[in-house]
Amino acid sequence: PESRYENVQREFAKKSPDRRLTKSTGSLACSEKNLSDSQLLVLEQRKHYIDLAVSNRHRLQRAHHNAQEQHLAKLQAVRDRVDALLESKARADDRRMVMQRNCAVQKSHLEHEMFKIKSAPPEKMTGMLRDLKLEPKAAARIQELQQQLGMGPASADETAA
């Protein structure tokens, strides 16, 4: 599939110069022999105007080509920015899904451990609490609750470990 830019470039390259300009420049050389000085001056000016028109046309073509290139570059930059935003969004969605999955797994694990601790007899509860690897604040609070319940208080090392 050919891009629009390539198609325009191909058509632009096919264009030939204006027939009126090429015809008039070819006929000037033959008729110069029979003309007066003023007529030769007019013909010379005409040649300069034709050369000027040709150079202007080439300059306009280059300017048009440059403008097209700049516009295409701008469009490509916009496309690249959109692609980067979409990629960033996809990465953020993936990270969010991984985080939610990890949280759900941890929650399920903790719920299971808490159920085991709740249903365990008091003798096994201390060992299970020690296996949970609690934070120091949580360990201190559990020790307080054990003392209030009249359970044999575990040593600080056991609950904080």
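Just so it is clear, the structure is predicted and the values come from calculations on it, not from any experiment.

Turning our attention to the overall build of the protein. Each helix and strand counted, the protein has six helices and zero strands in total. Starting at the N terminus, the α and β elements of the protein follow one another as α-α-α-α-α-α. Considering only contacts within the protein whose residues lie at least 6 apart along the sequence, 43% involve residues at least 24 apart. Surface exposure of the protein reaches about 13500 Å², of which carbon and sulfur atoms provide 57%.

Quick look at the packing of helix α1 (residues 4–14) against helix α3 (residues 37–119) now. Helix-helix packing is described using two parameters, namely the angle between the two axes and the distance between the axes. It is at 12 Å that the axes of α1 and α3 come closest, and there the two elements cross at 175 degrees. By the angle class used here, α1 and α3 are roughly antiparallel. Residue-level contacts link Y5, V8, Q9 and F12 of α1 to Q61, H65, Q68, E69 and L72 of α3. Residues of the contact of α1 with α3, tallied by class, amount to four nonpolar, four polar and one charged.

Turning our eyes to something else, we now look at the pattern of salt bridges. For the structure on display, the rule yields five salt bridges. The residue E87 makes a salt bridge to R91 at a minimum N-O spacing of 3.0 Å. Linking E87 with R91, this pair stays in helix α3, spanning four residues, or about one helical turn. The class for E87 is partly exposed, based on a relative accessible area of 49%. On the basis of relative accessible area, R91 is assigned to the partly exposed category, the value being 43%. In this structure, the salt-bridge partner of R141 is E144, at a minimum N-O distance of 3.4 Å. Of this pair, R141 and E144 both sit in helix α5 (residues 136–149), separated by three residues, roughly a single helical turn. For R141, a relative accessible area of 44% gives the class partly exposed.

Let us now look at α3. Under the 1.5 Å per step criterion, the end-to-end length of α3 is 122 Å for 83 residues, consistent within 8% with the ideal 123 Å. Along α3, the positions that sit buried rather than exposed are L43, I50, Q68, E113 and I117.

This next bit is on the confidence of the model for the protein. Per-residue pLDDT for the protein averages 81, and the proportion of residues at 70 or more is 80%. Taken element by element, the protein is modelled with least confidence in helix α6 (residues 156–160), mean pLDDT 45, and with most confidence in α3, mean pLDDT 93. This model gives residues 155–161 a pLDDT under 50, and the stretch forms 14 contacts once residues within four places in sequence are excluded.

Parameters at a glance
Residues numbered from 1 in each chain as written. Predicted model: local features only at pLDDT ≥ 70, side-chain atom pairs only at ≥ 80, totals over all residues. Heavy atoms only, no water. Helix = DSSP H or I, 4+ residues; strand = E, 2+ residues; numbered from the N terminus. Contact = heavy atoms within 4.5 Å. Areas by Shrake-Rupley, 256 points an atom, 1.4 Å probe, with all protein chains shown as cover. Axes fitted to C-alpha atoms, helices over the stretch in contact; angles between N-to-C directions. Parallel < 35°, antiparallel > 145°, perpendicular 65-115°, else oblique. Nonpolar A, V, L, I, M, F, W, Y, C, P; charged D, E, K, R; others polar. Salt bridge = Lys/Arg side-chain N within 4 Å of Asp/Glu carboxyl O. Buried < 20%, exposed > 50% of the residue type's maximum accessible area, 1.4 Å probe, protein only. Expected span 1.5 Å × (residues − 1). pLDDT = per-residue confidence, 0-100.

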